[in-house]
Amino acid sequence: MKAIQIKKDIYWVGVKDWNLREFHGYTTPRGSTYNAYLIMDEKITLVDGVKHHLSQENLSRIQSIIDFSKIDYLVVNHVEMDHSGNIPDIMRRAPQAKIITNNAGKMALEAHFDTTGWQFEIIKTGDSVSIGSRTLEFMTTPMLHWPDSMMTYVKEDKLLLPNDGFGQHFCSDALFVKDAPFDVVMEHAKSYYANILFPFGAQADKALKTAGDLGLDIEMIAPSHGLIWSGKSEVEAILNNYAKWASGANEGKAVIVYDSMWGATATLAETAMAELQAAGIPVSKHCLAIEDVSEIMPDFLDAKYILIGNPTVNNQLHHRVAGFMAYMRGLAPKNKVGLAFGSYGWKPGVVKQIQQAFDDLGWSSYPPFEEKYTPKSDVIQKFREHIREYIKL
Ligand code: FEO
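Along each chain, numbering runs from 1 in the same order as the chain's sequence is written. In keeping with the predicted nature of the model, local features appear solely for residues at pLDDT of at least 70, side-chain atom pairs appear and are counted solely at 80 or more, and the whole-chain, interface and lining totals rest on all residues. Hydrogen atoms and water are omitted, and side-chain values are computed over all heavy atoms in the structure.

**Quick word on the overall build of the chain**
Right, so step 1: Within the chain, the secondary structure is distributed over twelve helices and 22 strands.
Right, so step 2: Structurally, the chain occupies a C-alpha span of about 80 × 40 × 35 Å along its principal axes.
Right, so step 3: With a 1.4 Å probe rolled over the protein chains alone, any residue whose accessible area is under 20% of its type maximum counts as buried; one over 50% counts as exposed, and the rest are partly exposed. Taken over 393 residues, the chain has a buried fraction of 58%.
Right, so step 4: For the chain, long-range pairs separated by at least 24 residues make up 71% of all intrachain contacts whose partners lie at least 6 apart in sequence.
Right, so step 5: For accessible areas, the Shrake-Rupley method is used with a probe of radius 1.4 Å. Any residue's cover is judged against the shown protein chains and nothing else. By element, 52% of the accessible surface of the chain is carried by carbon and sulfur atoms, the whole surface being about 16000 Å².
Right, so step 6: Within the chain, the 47 negative side-chain charges are centred at a point lying 2 Å from the centre of the 39 positive side-chain charges. We count a stretch as a helix when DSSP gives it H or I for four or more residues in a row; a strand needs E for two or more, and each element gets its number in order from the N terminus. Only heavy atoms matter for contacts: two residues are in contact if any of them lie within 4.5 Å across the pair. His is not counted, nor are the chain ends, whereas Lys and Arg count as positive and Asp and Glu as negative. In this description, the location of a charge corresponds to atom NZ of lysine, CZ of arginine, CG of aspartate or CD of glutamate.

**As for the sheet that holds strand S15 (residues 159-161)**
Strand-to-strand pairing in sheets goes through backbone hydrogen bonds, with the strands running parallel or antiparallel.
Right, so step 1: Two strands form a pair only when DSSP identifies at least two bridges running between them. Spatial ordering of the open sheet is given by S12-S13-S14-S15-S16-S17, a layout of six strands whose pairing is mixed. Strands with a single pairing partner mark the edges of an open sheet, and in this sheet they are strand S12 (128-130) and strand S17 (229-230).
Right, so step 2: Two strands pair when backbone bridges link them, and strand S13 (residues 135-140) and strand S14 (residues 150-154) are joined in this way by five bridges, in the antiparallel orientation. The partner of Glu137 across the bridge, within S14, is Tyr153.

**Structural notes on the sheet that holds strand S7 (residues 37-39)**
Right, so step 1: The strand order across the open sheet built from seven strands is S1-S2-S7-S8-S9-S10-S11, with neighbouring strands paired in mixed fashion. The open sheet has two edge strands, strand S1 (4-7) and strand S11 (119-122), and neither has a second partner. Within the sheet, the average angular offset between the axes of one strand and its neighbour, ignoring direction, is 30°.
Right, so step 2: Where strand S8 (residues 44-47) and strand S9 (residues 71-75) come together, four bridges link them in parallel fashion. Considered in S9, the bridge of Leu46 is made with Leu74. Interaxial angle, 0 to 180 degrees, is taken between N-to-C directions of lines fitted to C-alpha atoms, where a helix line uses only the stretch in contact.

**A look at the environment of Gly132**
Right, so step 1: Here Gly132 shows up in the loop between S12 and S13.
Right, so step 2: Here the alpha-carbon distance between Gly132 and Asn240, two residues 108 residues apart in the chain, equals 33 Å.
Right, so step 3: In contact with Gly132, other than residues within four places in its own chain, are Asp41 and Glu42.

**Things to note about unusual backbone geometry**
Right, so step 1: At the junction of Leu144 and His145, the peptide bond is cis and its omega measures out at 15° in the coordinates.
Right, so step 2: Of note, Asn314 is a non-glycine position whose phi angle comes to about 50°, a positive value.
Right, so step 3: Residue placement: Asn314 occurs in the loop between strand S20 (303-311) and helix H10 (319-331).
Right, so step 4: Note on Asn314: relative accessible area 56%, which makes it exposed.

**Looking at the environment of Ile6**
Right, so step 1: As for its placement among the helices and strands, Ile6 is situated in strand S1.
Right, so step 2: Relative accessible area serves as the criterion here: at 9%, Ile6 is assigned to the buried category.
Right, so step 3: Spatially, the C-alpha atoms of Ile6 and Tyr34 are 15 Å apart, while their sequence positions differ by 28 residues.
Right, so step 4: Dropping the residues within four chain positions of it, Ile6 is found in contact with Tyr11, Trp12, Tyr37, Leu159, Leu175, Phe176, Met220, Ala222 and Ile228.

**Remarks on the pairing of strand S19 (residues 283-287)**
Right, so step 1: The buried fraction of S19 amounts to four of the five residues, a majority that puts the element mostly inside the structure.
Right, so step 2: Across five bridges, the pairing between strand S18 (residues 253-258) and S19 is parallel. Within S19, the residue paired with Ile256 across the bridge is Lys285.
Right, so step 3: Consider the strands pointing away from the viewer: the crossover is right-handed when the path from the first strand over the helix to the second runs clockwise. Assessed by its sense of winding, the connection that carries the chain from S18 through helix H8 (residues 264-278) to S19 is right-handed.

**Here's the deal with helix H5 (residues 182-197)**
Right, so step 1: Between its first and last C-alpha, H5 extends 21 Å over 16 residues, near the 22 Å set by a 1.5 Å rise per residue.
Right, so step 2: The buried count for H5 comes to twelve of 16 residues, which makes it a mostly enclosed element. How far a helix is expected to stretch is found by multiplying one less than its residue total by 1.5 Å.

Geometric descriptors of this kind do not, in isolation, establish any biological role.
Below, the structure is given as structure tokens:
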């Protein structure tokens, strides 16, 4: 396994996880990569590790360039195990290397591994370390998306190494976005933001402002997942999209998410879609029986109206709706207008749990709509009127 040069004397030494199909609940149909980088300067610096089961691939790429005994620094931008799982393997081979991380990073490494004998250099935002002809500048980005998350900027190369930020769960032959279909990569970047970073819009917004305050001039963004953004237009495109997603602004669209037992809740979902379309509101409709939760969340970024339909089962939410609600509540989208609807057979009221979730998320909402068994034409008419009132919010 060979290292691949991405800029003069800076190498990609990451790994490709072609077979990854699930990332703690997030479906990853295109696999992923765990990118690590090796900077060959007076002080040889490795940035980030990889997931443990692919450690050997990472180690052999590093060794294709340099012996481990020559490594001076290991920058740990983030301690989640997809980037740090093989750090003990690296430190066994390079015990002389000093780990550059922040306070939370050191604590997290100590909580995961036996760090006896490891040397640390603790940094905070605005700190820099000279490695010879290059300067590494650091920006801590707590809760984007872990307490220990940080980004490294290689000043002379105008290169940002933002770890999870700007990443995509996307594995391909290509290393650079320019060598892959741009729209497909951006779609995966959007999905990554929606499924991983959605709760941390304020932190993403702050990180973008801090990068501006620090005057970072960025020509290349090399994240720790997926492909590398290079050149002005690609860098601007991903930065602009992050600014938009982090702002919580939406495009006024609608998303319908539902499940159905005998077609009654599906009929209500169809009715809602027709009424929204008649009002000129772009709408997407997702049936939880056939779609994964993580395929749905990107649409939430563009949506103002969120409609969730539940078929009551044994006086409870359907388990797929309940699972979706748990996933969605964790991602905590903001500034939405909710509507719960559904069919019941024995007893009404379960959709109030969905309404409660809207309230807990701080959304506006319109009263839930429920119907016993199959909605007849008079009920459908009533639901149409309900939707017309709802979209006045
Ligand atoms: Fe890619 Fe937060 O780990």
